[in-house]
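Residue-level structural notes
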Protein chains: 2
Amino acid sequence: MNPQLSSSSFLVFVFVFVFLHSLKPASIYCHPLDPLTPSEISAVSNIIKSSHLGSSKSLSFHYVGLDELDKPDVLAWASTHRWNKAAPPRRAFVIVRSEKKTHEIYVDITNHSIVSDKVYEGFGYPMLNFEEQEAASALPFDYAPFVESVKKRGLEPEDVLCTTFSVGWFGERKQGRRLLKIQCFLTGDTVNFYARPLEGVTVVVDLDAMEIVEYEDRMVVPVPGSTGTDYRAAKQKPPLGPRTKPGIIVQPEGKGFEVDGHMIRWANWEFHLGYDVRAGTVISLASVKDSEKGIFRRVLHRGYVSEIFVPYMDPSEEWYYKTFFDVGEFGFGLLAAPLEPMTDCPANAAFMDAYITDRDGLPIKQSNAFCVFERYSGDASWRHTEFGIPGQVITEVRPEVSLVVRMVSAIGNYDYVIDWEFKTSGSIKLGVSLTGILEMKGTQYTHADQISGDQHGTLLAANTMGVYHDHFVTFHLDLDVDGPDNSFVKSKLKTVRVTDDSSPRRSYWTVAKETARTEADALVELGAEPAELLVVNPSKKTKMGNDVGYRLISHGATAASLLSDDDYPQIRASYSKKQVRVTAYNKSEKWAAGLYADESRGDDNLAAWTARNRVIENTDIVLWYTVGVHHVPYQEDFPVMPLLSGGFELRPANFFESNPLIKTPANKLVHLPNCPRNP
Amino acid sequence: MNPQLSSSSFLVFVFVFVFLHSLKPASIYCHPLDPLTPSEISAVSNIIKSSHLGSSKSLSFHYVGLDELDKPDVLAWASTHRWNKAAPPRRAFVIVRSEKKTHEIYVDITNHSIVSDKVYEGFGYPMLNFEEQEAASALPFDYAPFVESVKKRGLEPEDVLCTTFSVGWFGERKQGRRLLKIQCFLTGDTVNFYARPLEGVTVVVDLDAMEIVEYEDRMVVPVPGSTGTDYRAAKQKPPLGPRTKPGIIVQPEGKGFEVDGHMIRWANWEFHLGYDVRAGTVISLASVKDSEKGIFRRVLHRGYVSEIFVPYMDPSEEWYYKTFFDVGEFGFGLLAAPLEPMTDCPANAAFMDAYITDRDGLPIKQSNAFCVFERYSGDASWRHTEFGIPGQVITEVRPEVSLVVRMVSAIGNYDYVIDWEFKTSGSIKLGVSLTGILEMKGTQYTHADQISGDQHGTLLAANTMGVYHDHFVTFHLDLDVDGPDNSFVKSKLKTVRVTDDSSPRRSYWTVAKETARTEADALVELGAEPAELLVVNPSKKTKMGNDVGYRLISHGATAASLLSDDDYPQIRASYSKKQVRVTAYNKSEKWAAGLYADESRGDDNLAAWTARNRVIENTDIVLWYTVGVHHVPYQEDFPVMPLLSGGFELRPANFFESNPLIKTPANKLVHLPNCPRNP
């Protein structure tokens, strides 16, 4: 899949070789949370195709994933069988389309049978699959009005390429059709076709019929030239950009983590690394070892990217509908980018493959779908220099090492980098980075001085407008801090006035803890008031009597949606004005924009669930956190944007009795490889 | 100074040796912004001691630093002489105390003369020097009531250690005395004396008289035990903390940066790395090369930590006054921690020394005061995978390499890590990390259940309260984006309602640019409204006609002060409620809390300057940004807290015509050192 791999194949070989040496043989039986194996996927496909659905010519698969055991069963299995003593029952959840209907099918893989097959009658449609998008993209070339539009612009159809866009929902009341819009671009001598849109043309495809059902060529807009758009190294001409000297991480004692099937064990962490065609990376059962207590303590039962809402801010005919749900419509796992050794992940990374399914439900291997590596940031994890003791200077420093699980999803033009970083301090840090290519609109303007009125973007290059938009990346975080029953606490910082003479001070702040009783109490608009946000286990206390907990800390990218509440995309993503929400755990509440995000109407989203206002105190709860970016493009974002990063940290807060790293040995004398530094 | 160094001396030798090979011989003449050399410091001291002040027995030096040339002269010298053709004139600015008076002295080093000597008559006092703090700390042991207090607590004076605290200002109207408070601690078998405070005792020292002028023993509070307080590796007993495998950066082609005197050149950056006893690291004349234009373009004329305001939130007799100005009272450079190779900075770091002065104005070397290293984060600087072109998958990725300049200042209990990170993308990223030891208050409580009423902190260990407090780290950022005359622009994101049928959408947001005309227009409370904050050069446009600029992006830690405006510490730090301020450039406006921060009254601070409301449009302006943290302690912060990080980024925004890294070669084939990986 990745033509770049061969160029660094020698190094890959070296690292994979070394890495394999550190692998334990995988357990005989899979873990109940393991993603479906290729043979399981094939079995599921066969079972469905052997059913009554098999005779349907229109049968197409849109989701094939693990139907995991109920949470208590997973926990029971994990605690009693300890990963390798008995085979867990295996079931799949499948969504297919057949005869214009959406079927939700549960398959018992172990017993080779269909458990249930239900036709979904509500609003919205399942994830788009590769093949139907490819087929739809090809339709315009056999559609005479489109070919005419191309020629009218003085272009040749063979230089044109089309891609697919979800259509959104804009207030239609009756059940709609399963539609897709097509936008086309000029390629010519660049691979960056996004930079060369054919504006003015609207193509609507009915996916069930697989035919163009609406067509409009509203106006001709100049197509931007290709100069400066290509990003491939081989296409660059001097003057070249800044160069740096190479640097690689060497681990003289080898890697510090162990991969046992899908379980990863490293330093004081263990967790299950799963995969889903919709969510991408899924982290489960993350537990941190408490050295003092000598046990692993549970932190995160499940975490993954639940949805990414990306509304554009141009209300014109060809752009208003661009209000994407990248996870639910396109599949974050489906579009995983093959990671490049040495560039996407450092030299010491291990790479892993994943499996998705094609439209026939058959397995497709995704090479290098994620990587796992130890990060040596060069920072300290803690330090102190003491000048205060006469006659001595004491300095103690511990370098920071963390473990990163990375995946990249290339949803059309954009690339999202998601990093799960496990720290020895007990923190889990989530990094979200945006890169890739902007969505650009063709325009007649070639200089900002020509522009009048709101053009909804930044003029990036001649005839090229980078359109304003947002990214809202919503994480599902089923924290189980020291057990499943947790509470959400806001420690509000309140200013206290000193109005008597009790102190020379006239004010100070203190902490007022408020435990959220219901889901409404747990809605948080970041920045509205100073508060620490915690998930605590109210039945567990430290020796000092403090609530055992984890704290949520934002690291930038805290934007919330600015759309009006009655705007259709906002109705669909009505959860996107509060960055923090907490729900009572419910196995079915996985996808923030609903199970059927395509053409959804907001009736089954995270905000709808929280509107039930369930009790969330001292019970199994899920934290939902949205990383948000308002994206005003700048010329530097053209033709490919530099990484823009944000994220958050889940940091132990009275979880340990003290800093767990104080007793970590200094480990500073490293034996360098016995070799010259400049070979 | 650093007893740890010897343990890794072999490696240090290796790296220093390799590093020296990459050094160019320093230019014959220093740069006009170079910090004072040891011989210059000695000369300054001699000149002053040869003046009328030399006969004063009470003469003590509180600040000795470069009095840099006026900005136009620096720029003229830098552009015409290009660092090495002529010796610039050299002057020092000195603050001494003599006969209870503060003298501001300008010394012409080149001509060996005093230019001016002015007695300062206003409020506030200069930075405390080492020696007077040491002398004050010793006073209690010869003060009978204190010895009695110690014995009354069943302790021996030889197990007690005292440190010094600035006293603040609490509304006294007449000119005060130069005072210091002393707090004492039990050491015993721990070096973490901060964890064992002797509460209830107040000791006030008059620094000019160097005698105790107030003493009170208000109450006896249990002194916390030493268990779990010591952080030295040698003192830890099993079970030990989590261990990780070592990893070190190897640079097969050597370092990529060049140190020429105090100029650093790396990739597309060059800048001057200076030092000041008050500010610590000073970055000047940072310019980034525009590969397309083939020239260096100016970005940052001067940047440094101007002040750190740290108010505690306990109004009681022994704690109310703890409202520190760490830079202006104690000296961020004065308390620079000697950086440890391999732990404070990675294996590929180069270390540099700095010079400060003692109370006699003589030079003292600070070994390893800062380090410079290339960071290989393991992240991409940009990437894209293209699935949209039938029959191929294109992946282009460029790994990120940046250059970090790091210093650590250990202001008593706290350690601040300040990172200046230069990115090839043109960004400058500032990292502020807090670590070190909390200020702890002795208490009778040994369990949270015993606590009644507001105790102003978290019970961290038996008898140990971690007191609530804030850190406000204010940066002086004299941006000169493509030249000195800049403007400050808020690009406000405004929701537009669609009320007609012009679009199926009902809303979108757009950008309304507002250029700040005066200093009042430029006050920003982060989070109050969505806006992009930019410093632009209104006379420079990109080819597309966009204003050339840099954008300010917060990366977490955006707290603002919660104290009431009439509270005395807030009056002194009245700038601390707006995270962003812009001033008209004025050479004398360097220190956010005023030149004399100790016992200051807020009459010469950043807020007082901005209250003048000068015009700041299209002129030389300075951006002031405050990184803020409300610190509610948790048990993990005991006995030494894990790094807590925040910061911001100055990111090119229509500064370049396009992403400057697109033309950077891929550089992914790295030849590993020819050696086994497990020697």
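Everything quoted here is computed from the prediction, not taken from an experiment. (Residues numbered from 1 in each chain as written. Chains lettered and ligands numbered in written order. Predicted model: local features only at pLDDT ≥ 70, side-chain atom pairs only at ≥ 80, totals over all residues. Heavy atoms only, no water.)

**Observations regarding the overall build of chain A**
On a plain count of helices and strands, chain A comes out with eight helices and 31 strands. The C-alpha radius of gyration of chain A comes to 27 Å, within 12% of the 26 Å expected for a compact globule of 679 residues. Along the three orthogonal principal directions, the C-alpha set of chain A runs to about 85 × 70 × 65 Å. Burial statistics for chain A: of 679 residues in total, 66% are counted as buried. Long-range pairs, those at least 24 residues apart, make up 68% of the contacts in chain A between residues at least 6 apart in sequence. Roughly 22700 Å² of accessible area belongs to chain A as shown, and the carbon and sulfur atoms make up 51% of that amount. Distance from the positive charge centre (70 side chains) to the negative charge centre (86 side chains) of chain A: 5 Å. (Helix = DSSP H or I, 4+ residues; strand = E, 2+ residues; numbered from the N terminus. Rg over C-alpha atoms; globule rule 2.2 N^0.38 Å. Buried < 20%, exposed > 50% of the residue type's maximum accessible area, 1.4 Å probe, protein only. Contact = heavy atoms within 4.5 Å. Areas by Shrake-Rupley, 256 points an atom, 1.4 Å probe, with all protein chains shown as cover. Lys, Arg positive; Asp, Glu negative; His and termini not counted. Charge placed at Lys NZ, Arg CZ, Asp CG, Glu CD.)

**Some details on helix α2 (residues 38-49) of chain B**
For α2 of chain B, with 12 residues, the first-to-last C-alpha span of 16 Å sits near the 16 Å given by 1.5 Å per residue. Contacts made by the buried residues of α2 of chain B are with β1 (60-66), β2 (91-98), β3 (101-108), β4 (113-120), β16 (350-357) and β17 (363-386) of chain B. (Expected span 1.5 Å × (residues − 1).)

**Observations concerning the sheet that holds strand β23 (residues 464-467) of chain B**
Residue and element names in this part refer to chain B. Taken together, the three strands give an open sheet; going across it, the order is β21-β23-β22, and neighbouring strands pair in antiparallel fashion. A strand with exactly one partner marks an edge of an open sheet, and here the two such strands are β21 (440-442) and β22 (457-461). Adjacent strand axes in the sheet meet at a mean angle of 40°, parallel and antiparallel pairs treated alike. Where β21 and β23 come together, three bridges link them in antiparallel fashion. What sits directly across from G442, in β23, is T464. (Pairing = 2+ DSSP bridges. Axes fitted to C-alpha atoms, helices over the stretch in contact; angles between N-to-C directions.)

**Some remarks on the relation of the copies chain B and chain A**
When chain B is fitted onto chain A, the two copies agree to an RMSD of 0.0 Å after a turn of 180° and an axial shift of 0.0 Å. Both copies are brought into coincidence by an operation consistent with a two-fold rotation axis. (Least-squares fit on C-alpha atoms with pLDDT ≥ 70 in both.)

**Re the UniProt feature "active site" (unreviewed entry) in chain A**
Residue and element names in this part refer to chain A. Mapped onto this numbering, the UniProt entry gives "active site" (unreviewed entry) at D326 and Y414. Sequence-wise these annotated residues cover 89 residues; spatially they are packed, their C-alpha atoms never more than 9.9 Å apart. When you line up the elements, D326 lands in helix α6 (residues 326-330). Residue classification places D326 among the buried residues on the basis of a relative accessible area of 6%. Once residues lying within four places of it in the same chain are set aside, the contact partners of D326 are E307, I308, V310, G331, F332, I411 and Y416. Take Y414: its relative accessible area is 2%, and that puts it in the buried class. Excluding its chain neighbours within four sequence positions, the residues that come into contact with Y414 are Y312, S409, L434, T435, I437, L438, H469, H471, H631 and M641. At 2.8 Å, the side chain of Y414 and the side chain of H469 are in polar contact. (UniProt positions renumbered as here; feature names shortened; annotations may be inferred. Polar contact = N/O pair within 3.5 Å; in protein donor to acceptor, adjacent residues only side chain to side chain.)

**Re the state of the cysteines**
Note: disulfide means a covalent bond formed between the sulfur atoms of two cysteine side chains. All names here are of chain A. For the structure on display, the rule yields four disulfides over all chains. Here C162 is linked by a disulfide to C184, with a sulfur-sulfur distance of 2.1 Å. Across the S-S bond linking C162 and C184, the dihedral sits near 100°, which makes this disulfide right-handed. Here C184 lies in strand β6 (residues 179-186) and C162 lies in strand β5 (residues 160-165), a separation of 22 residues in the sequence. Among the residues examined, C162 registers a relative accessible area of 6% and is labelled buried. (Disulfide = S-S within 2.5 Å.)

**Some words on the environment of Q251 of chain B**
All names here are of chain B. Inspection of the secondary structure puts Q251 in the loop between β9 (248-250) and β10 (257-260). Judged by relative accessible area, which is 0%, Q251 ranks as buried. Sequence separation between Q251 and A347 is 96 residues; the distance between their C-alpha atoms is 9.9 Å.

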